[in-house]
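Here's the letter readout for the chains.
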Amino acid sequence: YPNTPLAFNSETLAAQCYLAIKEWQAAINIFNSLIEKYKDKVNTDQILLSVALIYAQQLKDQPKAIETLQKLIKDYPKSKLVKPATELLNKWGKK
């Protein structure tokens, strides 16, 4: 049943499994798919933050991490995650 809460939950669990086995890019691919499929149905701000942290901490790709945080701030300006995202941007020397 695509585009249902059950499908969302199963895809989220699949991404978490990839994280557990350190398959970072596979997890990012699933997270990006979730963002595309469910953007209008659920807040994907937490997913964007997770992707940014994977890029920064695991893949050492600061530009992609910064780009992802900027997307979070732009797409979800009222999110409670804007403050931590902004703090991370400042920490990494970008605003």
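Here the structure is a predicted model, which is why all the values come from computation and not from measurement.

Rules used in this analysis
Residues numbered from 1 in each chain as written. Predicted model: local features only at pLDDT ≥ 70, side-chain atom pairs only at ≥ 80, totals over all residues. Heavy atoms only, no water. Helix = DSSP H or I, 4+ residues; strand = E, 2+ residues; numbered from the N terminus. Buried < 20%, exposed > 50% of the residue type's maximum accessible area, 1.4 Å probe, protein only. Lys, Arg positive; Asp, Glu negative; His and termini not counted. Salt bridge = Lys/Arg side-chain N within 4 Å of Asp/Glu carboxyl O. Contact = heavy atoms within 4.5 Å. Core = buried A, V, L, I, M, F, W, Y, C linked by side-chain atoms within 4.5 Å.

K.L.:
So, the side chain of aspartate 45: which residues are in play, and what are the values?
P.N.:
Mapped onto the elements, aspartate 45 comes out in helix α3 (residues 45-58). For aspartate 45, which is buried and forms no salt bridge, the nearest opposite charge comes from lysine 80, at a distance of 7.0 Å. In this view, aspartate 45 contacts Leu72, Tyr76, Ser79 and Leu81; residues no more than four positions away in its chain are not counted.

K.L.:
Go over the nonpolar core with me, naming the residues and quoting the values.
P.N.:
Counting residues in hydrophobic clusters, the biggest one holds 29 residues, and the most contacted among them are Phe31, Leu34, Ile47, Leu49, Val51, Leu69 and Leu72. Counting residues per element, the ones that place at least two in this core are α1 (5-20), α2 (24-38), α3, α4 (62-75) and α5 (82-91). Setting aside anything within four residues of it in sequence, one finds isoleucine 47 in contact with Phe8, Phe31, Leu34 and Ile35.

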